[in-house]
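The lines below spell out each chain.
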Amino acid sequence: MTAKPARTAKNKGTGKVKRASGLHPMLAAKLWENPCWLSFRVNFVAHHFNQPVYDWIEAVHGMSAPEHVVLYALALKDGITADDIVASTARPKNTLSRGVAGLMQRKMITRRADPKDRRRLILSLTPRGRQMADITVPALVAHEAAMASSLSPAERRTLKKLLDKVILNQSNWPTIIA
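Read on for a plain summary of the structure. The residue numbers shown here count from 1 along each chain, following its written sequence. For a predicted model such as this one, the threshold for reporting local features is a pLDDT of at least 70, and the threshold for listing and counting side-chain atom pairs is 80 or more; totals across whole chains, interfaces and linings nevertheless cover every residue. Side-chain measures here rest on the full set of heavy atoms in the structure, leaving out hydrogens and waters.

1. Some thoughts on the overall build of the chain
Helix and strand assignments come from DSSP, with helices taken as H or I runs of at least 4 residues and strands as E runs of at least 2, each series counted from the N terminus. Looking only at helices and strands, one finds seven helices and two strands in the chain. Counting from the amino terminus, helix and strand elements in the chain follow one another as α-α-α-α-α-β-β-α-α. Partitioning the contacts of the chain with sequence separation of at least 6, the portion at a separation of at least 24 is 47%. With residues, only the protein chains shown are counted as cover, and all accessible areas are computed by Shrake-Rupley using a 1.4 Å probe. About 12,800 Å² of surface is accessible on the chain, with carbon and sulfur atoms providing 59% of the total. Throughout, a residue-residue contact means that at least one pair of heavy atoms, one from each residue, lies within 4.5 Å.

Written out as structure tokens, the structure is:
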């Protein structure tokens, strides 16, 4: 069965979004009959953001996803460690280590010992790395804006606040499924 484009419309009386007609039946089931509603929605949106973005970055710039994860993190906050990036991405350290090695080989980042703790290695963007971030990050921002285009500015702010609240509660999330 070929999925038709989803259509949504707000009911003028209630302001609620009506269920889209033409949705693939499995997508409809996962949206409205799924007991794991949050994880499905977050994963669905993340996948539809990440996959095309990382495919584009690799095809156009020859950069792997782990390399760009490191580059993006350093573009946001330069002078951090790989452990800082692991903590903020939930990606395995060995995967990000490959990203760091690739960026070092491409001369997009540098690594130096932290003067306060010589065991810690501080990562920084080089001018070449900053230039790559200046090319790729605006494309990510535009892709995200297109994905969120059905939301009003107020809805975007509300969604951000709600997701922030969930993420900031991470210390209370179970780490083992029993």
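2. Observations regarding the pattern of salt bridges
One speaks of a salt bridge when a side-chain nitrogen belonging to Lys or Arg is within 4 Å of a carboxyl oxygen belonging to Asp or Glu. Considering all chains together, one arrives at five salt bridges under this definition. Here Arg-119 ties to Asp-117 by a salt bridge, and the two come within 3.1 Å at their closest N and O atoms. Burial classification: accessible surface area is computed with a 1.4 Å probe over protein chains only, and a residue below 20% of its type maximum counts as buried, one above 50% as exposed, and the rest as partly exposed. Residue Asp-117 is classed as partly exposed on the basis of its relative accessible area, which comes to 21%.

3. Brief notes about the packing of aromatic side chains
The rule is short: rings of Phe, Tyr and Trp, with Trp giving its six-membered ring, pair when the centres are within 6.5 Å, and they are stacked under 30 degrees, edge-to-face over 60, tilted in between. Inspection of the entire model under this criterion finds one aromatic pair. With 5.5 Å between their ring centres and 40° between their planes, Phe-40 and Phe-44 make a pair best called tilted. Here Phe-44 and Phe-40 lie together in helix α2 (residues 37-61), a separation of four residues that amounts to about one turn. Assessed through its relative accessible area of 13%, Phe-40 is described here as buried.

4. Focus on the nonpolar core
As used in this record, nonpolar core signifies buried Ala, Val, Leu, Ile, Met, Phe, Trp, Tyr and Cys residues forming a set joined through side-chain atoms within 4.5 Å. Leu-71 and Ile-85 are the most contacted members of the largest nonpolar core, which totals 24 residues. Where this core is concerned, the elements lending two or more residues are α2, α3 (65-76), α4 (82-89), α5 (93-105), β2 (117-125) and α6 (127-147). Examining the composition of this core, we find that six residues originate from one element, α3, more than from any other. Excluding anything up to four places from it in sequence, Leu-71 contacts Met-63, Leu-103, Met-108, Leu-125, Gly-129, Met-132, Ala-133 and Thr-136.

5. Here we look at the side chain of Asp-114
Tracing the chain through its elements places Asp-114 in strand β1 (residues 109-114). Sequence-distant contacts of Asp-114, defined by excluding residues within four places in its chain, comprise Arg-120 and Ile-122.

6. A few points about α3
Counted at 1.5 Å a residue, the expected span for α3 with its 12 residues is 16 Å, and the 16 Å between its end C-alpha atoms agrees. Buried residues of α3: Ala-65, Pro-66, Glu-67, His-68, Val-69, Val-70, Leu-71, Ala-73 and Leu-74, and no others. Looking at the buried positions of α3, the neighbouring elements they touch are α2, α4, α5, β1, β2 and α6. To estimate the expected span of a helix, count its residues, drop one, and scale the result by 1.5 Å.

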